[in-house]
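Chain by chain, the residues:
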Amino acid sequence: MISRYYRQFARLANEKSAVKKDPQRHRVYAMERAYIGTCIDITMSIQKLRAICDHACKSWGVEPCKVTAQKMKGKVFGHWFEGEIILNQSWNGMNLTTLLHELAHHIHDELGIEADEYDHGHQWVCIYALLLDQYKIMPLAAFKALCKKYNVTMWG
Ligand SMILES: [Zn+2]
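Notes on the structure follow. The residue numbers shown here count from 1 along each chain, following its written sequence. Side-chain atom pairs in this predicted model are given and counted only at pLDDT of 80 or more, local residue features only at pLDDT of at least 70, and totals for whole chains, interfaces and linings cover all residues.

1. Details of the pairing of strand β2 (residues 78-81)
- Strand direction decides the pairing type here: β2 and strand β3 (residues 84-88), joined by four bridges, are antiparallel. By the bridge assignment for β3, G78 is matched with L87.
- Any two strands between which DSSP finds at least two bridges are classified as paired. The numbering of helices and of strands both runs from the N terminus, where a helix is a DSSP run of H or I of at least 4 residues and a strand a run of E of at least 2. Where β2 folds back on β3, the antiparallel hairpin that results is connected by two residues, among which E82 adopts a positive phi of roughly 40°.

This is how it looks when you write it as structure tokens:
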């Protein structure tokens with residue numbers, strides 16, 4: 001079993017390289033801050049978030065993803081790393097929007113649709129958009145309009 005410390009190290013190393021290789025990541029974050037994340041104050045229990053995660057994985061036909069809550073330092077909502085979503089209990093992580101962002105990484109990885117695509121690339125954006133629509137955070141048409149405004153490329 002991989003230790004928690006190794007996983008945290010690997011995540012940080014991955015994040016550093018992702019900054020260079022992930023050109024629209026900051027535009028996605030800006031879009032989320034301005035519009036999509038307005039409901040992050042609506043917190044949910046870990047049980048409810050796990051149930052939604054299980055439902056989504058079944059409906060997308062991918063392996064289930066583990067969901068845990070941790071107290072993280074800094075303004076971090078959450079992370080996904082190899083089949084596990086970790087949500088920040090200390091700062092705005094326990095909500096549906098954060099879960100769906102991280103879940104889009106899981107589904108993107110599970111589907112393996114384009115192995116060399118960026119973390120927040122056009123196919124990831126498409127999965128995220130469909131999840132936001134599926135769980136009634138934002139209709140797909142509104143998300144597409146936002147992508148145009150923020151110059152975020154979406155597949156499909
Ligand atoms: Zn992300």
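2. A word on the sheet that holds β3
- The strand order across the open sheet built from three strands is β1-β3-β2, with neighbouring strands paired in mixed fashion. Single-partner strands in this sheet number two, and they are β1 (66-70) and β2. Taking the axes of each pair of neighbouring strands and ignoring which way they run, one obtains an average angle of 20° across the sheet.
- A pair of residues counts as a contact when their C-beta atoms, built from backbone coordinates, are separated by no more than 7 Å. Only C-alpha atoms enter the line fits that serve as axes; for helices the fit covers just the stretch in contact. Angles between N-to-C directions range over 0 to 180 degrees. Across the sheet, helix α3 (residues 46-60) is in contact with β1 and β3; its angle to β1 comes to roughly 155°.

3. Topic: unusual backbone geometry
- In this model, E82 sits at a positive phi of 40°, which is unusual for a non-glycine residue.
- Position of E82 relative to the elements: it lies in the loop between β2 and β3.
- Phi at N92 takes a positive value of approximately 55°, unusual for a residue other than glycine.
- Residue position: N92 is located in the loop between β3 and α4 (96-111).
- The partly exposed category is assigned to N92, around which 18 C-beta atoms lie within 10 Å. Counting other C-beta atoms within 10 Å of a residue's C-beta gives its exposure: the residue is buried at 20 or more, exposed at 12 or fewer, and partly exposed in between, where C-beta atoms are placed from the backbone.

4. Describing the packing of α3 against α4
- Contact geometry of α3 with α4 gives a least axis separation of 11 Å together with a crossing angle of 35°. The element α3 and its partner α4 pack so that their crossing is right-handed. Residue-level inspection shows L49, I52, C53, A56 and W60 of α3 in contact with α4, the latter providing L96, L99, L103 and I107.
- Considering only residue class, the contact of α3 with α4 consists of nine nonpolar, no polar and no charged. Here is the rule for handedness: rotate from the far helix to the near one, and if that takes an anticlockwise turn smaller than a right angle the crossing is left-handed, while a clockwise turn gives right-handed. Put simply, Ala, Val, Leu, Ile, Met, Phe, Trp, Tyr, Cys and Pro go in the nonpolar bin, Asp, Glu, Lys and Arg in the charged bin, and everything else, Gly too, in the polar bin.

5. Let's talk about the nonpolar core
- Here, a nonpolar core denotes buried Ala, Val, Leu, Ile, Met, Phe, Trp, Tyr and Cys residues that are linked to one another through C-beta atoms within 7 Å. Grouped together as the largest cluster of nonpolar side chains are 32 residues, with contacts concentrated most on I85, L103, V125 and Y128.
- Looking at this core, the elements with two or more residues in it are α2 (25-34), α3, β3, α4, α5 (122-134) and α6 (140-150).
- For this core, the element with the most residues is α5, which contributes eight residues.
- Those residues in contact with Y128 that sit more than four places away from it in its chain are L100, H101 and A104.

6. Looking at the environment of A104
- Locating A104 in the fold gives a position in helix α4.
- Residues A104 and A56, spaced 48 residues apart in sequence, show a C-alpha to C-alpha distance of 9.9 Å.
- Residues within four places of A104 in sequence aside, it is in contact with W124, I127, Y128 and L131.

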